[in-house]
Structure formats: structure tokens, C-alpha cells
Amino acid sequence: MIANYGYKDGSGEYYISIDTDRCINCPAGHACLAACPKGMFETMTDDYDDEVTWIKAQFRRSLAYDCAECKPSGARPPLPCVVACTPGAIKHSW
Amino acid sequence: MITAGIDVGSRTVKVVLLEDGVVKGKRLIFPGDLDGDVAADTAYDEALAAAGLTRDDVGAVYATGAGRKMVKFAKDSVTDMSAGAKGVSYFFPTARTIVDVGAEEGRGIKTDGSGKATDFAGNEKCAAGAGSFAEAMSRALQLSLKDFGDASLRSSKSIPMNAQCTVFAESEVVSLIHSSVPKEDIAKAVLDAVASRVCAMVRRVGIDKDVVLIGGMAHNAGFVQSLKAAMAIDEIRLPEMPEYVGALGCALMAAEGGR
Amino acid sequence: MSETLAIADSAAKPEFWRWEETSWADPAKDWRSAKNITVGIDVGSVSSQCVVVTDGELYAYNSMRTGSSSPDSAKNAFKGVQDKTGLTLGDVHMVVGTGYGRVNVPFSHKAITEIACHARGANYMGGNSVRTILDMGGQDCKDIHCDEKGKVTNFLMNDKCAAGTGRGMEVISDLMQIPIAELGPRSFEVDQEPEAVSSVCVVFAKSEALGLLKGGYTKNKVIAAYCQAMAQRVVSLLERIGVEEGFFITGGIAKNPGVVKRIEKILGIKAMETKIDSQIAGALGAALFANTLVQKNGPLKPIAA
């Protein structure tokens with residue numbers, strides 16, 4: 001399943017997508033949890049009883065602001081969460 | 001030479017008249033129902049009349065703001081970032097980080113000592129990231145924006161707000177009132193929320209001293225306090241006429257650009 | 001004119017945004033002769049539903065406005081069904097809670113996300129050809145893709161921004177002073193279909209609506225412009241992960257033809273029809289999940305409400 005967390009508002013579309021099929025039995029040991037400077041990721045058991053990662057609820061509606069530090073204006077350095085996720089499950093829409 | 005700067009913002013229109021580096025007059029109007037170009041004309045003519053001048057006395061007019069392209073009588077238009085950086089340099093040549101909080105946008109502008117904007121980051125077109133969010137919540141609390149800001153200074157709590165949208169936040173404020181949360185704490189929660197969103201944008205350009213706050217919200221002592229806390233700094237410089245800084249920057253640039 | 005939407009203050013005036021609360025029970029069935037009786041409770045930010053499923057089939061439901069307390073809303077939703085049918089919690093074999101308040105249904109045995117529950121509910125209501133579910137709720141908008149069994153394969157939710165949500169429609173109902181159930185039909189009584197108002201922010205759309213009225217638009221035309229904006233906004237959300245037919249719409253706004261027809265027109269796809277109330281999809285899915293679990297593991301002891 002592709003889980004898209006985030007929102008669209010007047011200023012743009014901000015979604016982090018997690019391909020949970022790649023999350024199950026994660027070869028990177030869910031390294032995204034430690035990689036994110038704000039600790040936005042956590043693991044949980046989903047509705048189909050699989051152990052996967054999601055974005056914590058308190059961050060989902062303010063991604064434009066929460067992810068701002070990893071996305072300095074004018075530059076696009078590699079994102080820590082995307083780099084840490086070796087199975088390639090994480091994508092940012094902006 | 002007399003020059004003029006006009007800032008057609010999303011909520012107000014500001015005009016500054018400048019003669020040989022000295023502010024000769026200024027005017028702010030709330031356009032209400034007026035179309036953008038009519039509002040610009042009205043604000044300009046009112047500013048001129050108050051200063052005892054006519055349009056012919058003015059050498060050049062530069063425009064900025066969301067509606068700058070609608071200003072037919074402007075010689076040139078510049079971005080809010082350039083106008084803000086230029087205007088700030090008039091007051092604080094030592095400024096390196098400018099925080100500009102208007103009605104609909106909160107942005108960070110990096111500047112060097114020369115009055116130029118070297119970098120910027122903002123989140124526009126969402127009412128929740130800027131002044132109109134605080135204003136809507138102050139109406140829900142039935143306080144003027146000023147009293148709202150002063151009330152927040154009396155609180156020492158930090159209640160997080162769940163809602164990130166002005167429409168939802170209004171309901172959240174109403175239910176906080178019904179749960180007997182003191183108005184002071186609600187006011188602080190609202191201003192903290194806006195400050196945190198603005199601060200996130202400023203961090204994208206980096207925070208270097210001196211930090212200057214411009215735009216209408218600079219008048220709000222409660223907001224300034226929340227912003228200092230969010231940015232983890234002790235001092236934010238405030239110019240005398242914070243909402244006019246963009247228009248002033250335009251007038252300065254018009255003077256340098258010449259006829 | 002004050003632009004504050006202070007719902008609490010309008011208690012003395014007619015409340016145009018208030019929609020009809022309903023409860024229903026299948027007259028052809030009797031829960032007393034059922035083997036498995038399961039309940040799903042969906043506590044949303046705006047509305048709450050309780051659905052009773054007997055032996056895997058829909059039996060009864062209650063839909064009402066969520067109050068200020070989620071646990072109370074859950075209890076009241078069940079009470080609505082109890083009053084209608086005589087069913088008590090002691091007769092129920094399992095309760096599953098969902099929605100924003102899913103952790104606040106004190107008598108539920110398990111919580112399942114509204115995403116999974118909507119997919120399951122839509123699969124029942126529309127059949128196993130349902131692939132794309134659009135749920136337009138009170139404070140959120142969801143796009144869910146599922147397989148033929150109603151299992152979720154892709155989803156996207158927007159609950160940050162009021163544009164494209166029921167609250168956005170309530171704002172217009174209040175502004176225009178027209179009961180919310182009338183907005184949809186009235187949006188078609190126009191001489192010419194207008195352009196959409198700003199589709200990016202309800203706050204801005206509100207000021208635009210007032211400007212349009214001043215500029216000579218009739219109320220119906222403003223409503224039409226607003227419905228068009230909402231339809232465009234919802235379609236842009238859908239396009240992020242695409243729309244696969246069968247396309248099924250749930251949630252309160254599914255009852256607003258002004259928005260639904262315009263969405264269908266933009267997509268070029270017709271929504272599937274159902275005779276079941278669109279607002280109960282989440283609670284129905286929850287009750288169906290419970291039914292499967294009871295079939296597998298047997299009944300559970302009731303938890304005191």
C-alpha cells in the first residue's frame with residue numbers, strides 16, 4: 001500500500017509517501033526514525049497487522065513547516081529520511 | 001527629488017513619500033470593496049493631498065506587493081523581498097535577517113549590508129501562516145488585535161493548537177473558550193502557532209543577527225514575544241513604521257533609479 | 001459585517017448549516033434471530049455514526065452530529081440504535097471503533113483506521129468493482145484505492161485545509177443564510193454556469209463570495225461558483241493518485257448533487273450509485289471488520305459503556 005501523509009492548501013501540495021510494502025521487514029532497520037532531525041517517523045502495526053512506518057499524527061498537517069529545515073531555500077540537499085531508507089519507500093512531493 | 005513607493009498588499013495599501021532621503025508623508029488604507037487599481041489611486045492621491053503635493057511633484061513611483069502589477073502609475077515594480085531589504089537598510093544597516101509578516105504571507109529574507117535581498121523563503125496564499133490567522137482568532141475571542149497581543153503576554157502556558165487552518169482553528173478556539181481556558185492562554189497559543197510557522201520559514205534562510213521584523217504584526221507586542229521564543233533569540237529590532245517598510249524601500253529605489 | 005463563524009453564538013438564530021440526523025433499521029430483519037451481531041462506531045469531527053451488522057449484513061444505523069465529547073458522541077450514537085431496535089451492548093458480540101475519535105469509543109474492543117473502514121464499507125455498498133473511493137467528510141477529504149476485497153492499496157487524506165471539506169460547505173451555508181441541504185439543488189438554478197471562486201482557500205473564497213454578491217450575482221450563482229471550486233479542489237486531490245473506475249463517493253457531501261455532478265463532469269466519470277446512506281460507510285466497514293473477527297475468533301464480552 002502507498003500511504004500518503006500530508007496536505008494541500010493555498011500555498012501548495014506537501015505529501016510524504018511511504019510504500020508500506022517495502023516497509024515490511026525493513027532491511028534498513030527503520031533507519032528513517034533516527035535520521036529525521038524532528039523525529040517525525042514512527043513504526044506501528046497497521047490495519048492489516050503489518051509492522052510499518054508512518055508519519056506521527058502531530059506532524060502530518062504542518063509538513064511544509066516541519067520539513068523546512070531540511071529544505072533550505074534555493075538548495076535541495078539529499079533528505080536524511082530518503083537517504084536512510086535504502087528500500088526506497090519514502091518520497092516527498094515537494 | 002520627491003519619489004513615492006506604493007505597497008499593494010493583500011489586505012492594505014501603503015504609500016510613502018520621500019524627499020532627499022526624508023519621509024515626507026505616508027498613508028495606509030483598507031481597500032475593502034475597491035478594485036486593486038482604484039485602491040492604489042485612492043491611497044496615492046490621499047497621501048499626496050495630506051502632504052500638500054500633487055502627482056506632478058513626484059519624480060518617480062515604484063510599486064511592490066501582491067497587487068503591484070495593478071498600479072498603472074508606477075514606473076517600475078519590484079518584489080516584496082527587494083523592497084523589504086531596501087527599506088530595512090534605511091533603519092538598520094546592520095540587519096542580516098528580515099522577518100516579514102503580512103496578512104497572508106510570513107517570510108524570511110536574508111540581506112547583506114547593502115540593502116539587497118540575497119535569499120528568501122516564504123509560504124504564501126494560506127491564511128494560517130500569517131497575520132490574518134491571528135486577526136481571525138482575535139475576532140473569535142472578541143478582542144482587538146492589540147488587546148489580543150497584550151493578553152498573550154500575561155500567559156505563561158504553551159497550549160499547542162491542533163488545527164492548522166483558520167476555519168478549523170476558529171472552531172478549536174470556540175471549544176477552548178467553552179472549556180473555560182483563559183483568554184490569555186488561548187491568545188498566546190494562537191500567536192505561538194503563527195510564530196512557529198513564520199520561524200520555520202525564516203530558518204530556511206538561516207538566522208543571523210541583527211534580526212528585524214517588518215509588516216503589520218510588528219506592532220503586536222504579544223506576537224514579537226512569541227516570535228523571539230520560537231526563534232530562540234533575545235532581540236528583534238523593530239522599525240518605527242513596520243508596515244510601511246516595503247513602500248519606503250520602493251521610494252528609496254525610485255530615488256536611485258531616477259527618471 | 002462580522003466574518004467570524006462563531007457557531008456557538010448562532011444558537012439563538014436559525015442554524016443553516018445543520019443537516020438532518022437520521023436513524024434506520026431494516027424492517028425485514030430481527031437482530032434477535034441473528035447469530036453474529038457486530039457494531040461499528042465512527043466518531044468524526046462533525047458527525048458520528050453507529051452501524052449494526054447482523055450475520056454480515058447491514059441491519060441498522062444512526063447518524064448524528066458529534067458533540068463536544070467524543071466518548072459521549074459514541075454512546076449517543078449507539079443509544080440512537082438502541083432506541084430504534086431494543087438492542088443493548090450486552091447483546092453485541094464485538095464493537096469496532098473508527099474515525100478521529102476511535103480511541104475515544106470507550107466500549108470498543110478494537111480500533112481500525114477510517115481509511116481501512118471506508119474501503120471496506122464502500123466495498124459492501126458499491127460491490128467488489130469499487131476501486132476508487134472519495135470520502136468528503138466534515139473536516140477532511142480522502143482518496144482511497146482498494147482491491148476487489150476492499151483492501152486498501154493506496155490512500156491520500158487532506159485534513160489540514162478546509163477547502164474541499166464539509167466545514168467549507170457549512171461556511172457558505174451560513175454566509176448565504178440557506179439551509180445546507182438546499183445548496184446543491186439551488187446551485188443548478190442559474191442562467192449560466194459561473195466560474196469557480198478561489199479554490200485554494202475557504203477564507204479567501206468567503207470574501208470573494210461577498211464581492212460576487214455585490215457585483216450582481218444571485219445567491220444561487222454564488223453557490224454554484226462555490227460548488228465548482230470545491231469540485232475542482234477535490235479533483236486536484238484525486239489526481240495526485242489517479243482515479244480508477246468504479247468510482248464511489250462516501251461522506252456527507254455525497255448528498256450534495258451540486259458538488260457531485262460537477263466532479264463527475266470534470267473527471268468524465270460517473271460515480272457509482274447506492275441506496276445506502278453515504279455517511280455510514282466508515283461505521284459500516286468497522287462493523288464488517290468486527291463480523292469477520294467474530295467469525296474467526298468467536299464473540300467478545302461487552303465492555304461497559
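Our subject is the structure listed above.
Residues numbered from 1 in each chain as written. Chains lettered and ligands numbered in written order. Predicted model: local features only at pLDDT ≥ 70, side-chain atom pairs only at ≥ 80, totals over all residues.

## Looking at the overall build of chain A
Next up, step 1: Counting its secondary structure elements, chain A contains 4 helices and 5 strands.
Next up, step 2: Start at the N end of chain A and walk to the C end: the helices and strands fall as β-β-α-α-β-β-α-α-β.
Next up, step 3: For chain A, the C-alpha radius of gyration of 13 Å lies close to 12 Å, the compact-globule estimate for 94 residues.
Next up, step 4: The C-alpha extent of chain A, read off along each of the three principal axes, is 40 × 25 × 20 Å.
Next up, step 5: Counting only residues that meet the buried cut, chain A has 39% of its 94 residues in that class.
Next up, step 6: Summarising the internal contacts of chain A: among those between residues at least 6 apart in sequence, 61% fall at separations of at least 24. (Helix = DSSP H or I, 4+ residues; strand = E, 2+ residues; numbered from the N terminus. Rg over C-alpha atoms; globule rule 2.2 N^0.38 Å. Buried ≥ 20, exposed ≤ 12 C-beta atoms within 10 Å, placed from the backbone. Contact = placed C-beta atoms within 7 Å.)

## Concerning the interface of chain B and chain C
In many reports, interface size means the accessible area that the parts give up when they come together.
Next up, step 1: If you look at the interface, chain B gives 17 residues, while chain C gives 20 residues.
Next up, step 2: Examining the composition of the side of chain B that touches chain C, we find that 8 residues originate from one element, helix α5 (residues 166-178) of chain B, more than from any other.
Next up, step 3: Residues that form the side of chain B that touches chain C fall into these classes: 7 nonpolar, 6 polar and 4 charged. (Nonpolar A, V, L, I, M, F, W, Y, C, P; charged D, E, K, R; others polar.)

## Things to note about the packing of helix α5 (residues 202-214) of chain C against helix α6 (residues 219-241) of chain C
Residue and element names in this part refer to chain C.
Next up, step 1: Relative to each other, α5 and α6 sit at 150°, their axes nearing to 10 Å. By the criterion of interaxial angle, the relationship of α5 to α6 is roughly antiparallel. Both α5 and α6 take part in a crossing whose hand is right-handed. Along its contact with α5, which presents A205, A209, L212 and L213, the element α6 presents V222, A225, Y226 and A229.
Next up, step 2: For the contact of α5 with α6, the per-class residue count stands at 8 nonpolar, no polar and no charged. (Axes fitted to C-alpha atoms, helices over the stretch in contact; angles between N-to-C directions. Parallel < 35°, antiparallel > 145°, perpendicular 65-115°, else oblique. Left-handed = near helix turned anticlockwise from the far one by under 90°.)

## Some thoughts on the sheet that holds strand β7 (residues 132-136) of chain C
Next up, step 1: Pairing within the open sheet is mixed, and its 7 strands lie in the order β5(A)-β2(A)-β1(A)-β9(C)-β8(C)-β7(C)-β10(C). The open sheet has two free edges, formed respectively by β5 (90-92) of chain A together with β10 (247-250) of chain C, since each of these has just one partner strand. Averaged over neighbouring strand pairs, the angle between their axes works out to 15° when direction is ignored.
Next up, step 2: Relative to β5 of chain A, strand β2 (residues 12-19) of chain A runs antiparallel, the two being bridged by 3 bridges. Note on β5 of chain A: the bridge partner recorded for S17 of chain A is K91 of chain A.
Next up, step 3: Its contacts with the sheet place helix α2 (residues 114-126) of chain C against β7, β8 (141-146), β9 (152-158) and β10 of chain C, and it is angled at close to 65° to β8 of chain C.
Next up, step 4: Together, β1 (2-9) of chain A together with β7, β8 and β9 of chain C form the strand contacts of α6 of chain C, whose direction differs from that of β8 of chain C by roughly 35°. (Pairing = 2+ DSSP bridges.)

## Focus: α5 of chain C
Next up, step 1: Helix length check: α5 of chain C (13 residues) gives 18 Å between terminal C-alpha atoms against 18 Å at 1.5 Å per residue, within 8%.
Next up, step 2: In this structure, the buried residues of α5 of chain C make contact with α3 (131-140) and α5 of chain B together with α3 (166-176) and α6 of chain C.
Next up, step 3: Of the residues one or two after α5 of chain C, G216 of chain C is the one with positive phi, at around 110°. (Expected span 1.5 Å × (residues − 1).)

## Brief notes about the interface of chain C and chain A
Next up, step 1: Between chain C and chain A, the contact holds 17 residues from the first and 12 residues from the second.
Next up, step 2: Elements that contribute at least two residues to the side of chain C that touches chain A include exactly β9 and α6 of chain C.
Next up, step 3: Among the elements that take part in the side of chain C that touches chain A, β9 of chain C stands out by supplying 6 residues, more than any other.
Next up, step 4: Strand direction decides the pairing type here: β1 of chain A and β9 of chain C, joined by 3 bridges, are parallel. Of the residues in β9 of chain C, the one forming a bridge with I2 of chain A is N154 of chain C.

## Here we look at the sheet that holds strand β1 (residues 22-25) of chain C
Two orientations exist for strands paired in a sheet by backbone hydrogen bonds: parallel and antiparallel.
Residue and element names in this part refer to chain C.
Next up, step 1: Read from one edge of the open sheet, 6 strands run β1-β4-β3-β2-β5-β6, paired in mixed fashion. Each of the sheet's edge strands pairs with one partner strand only, and the pair in question is β1 and β6 (110-111).
Next up, step 2: Sheet topology places strand β5 (residues 94-98) next to β6; 2 bridges connect them, and they run parallel. Bridged to V96 within β6 is K110.
Next up, step 3: Sheet contacts for helix α8 (residues 281-297): β2 (37-43), β3 (47-54), β4 (57-65) and β5; angle to β2, the most-contacted strand, approximately 145°.

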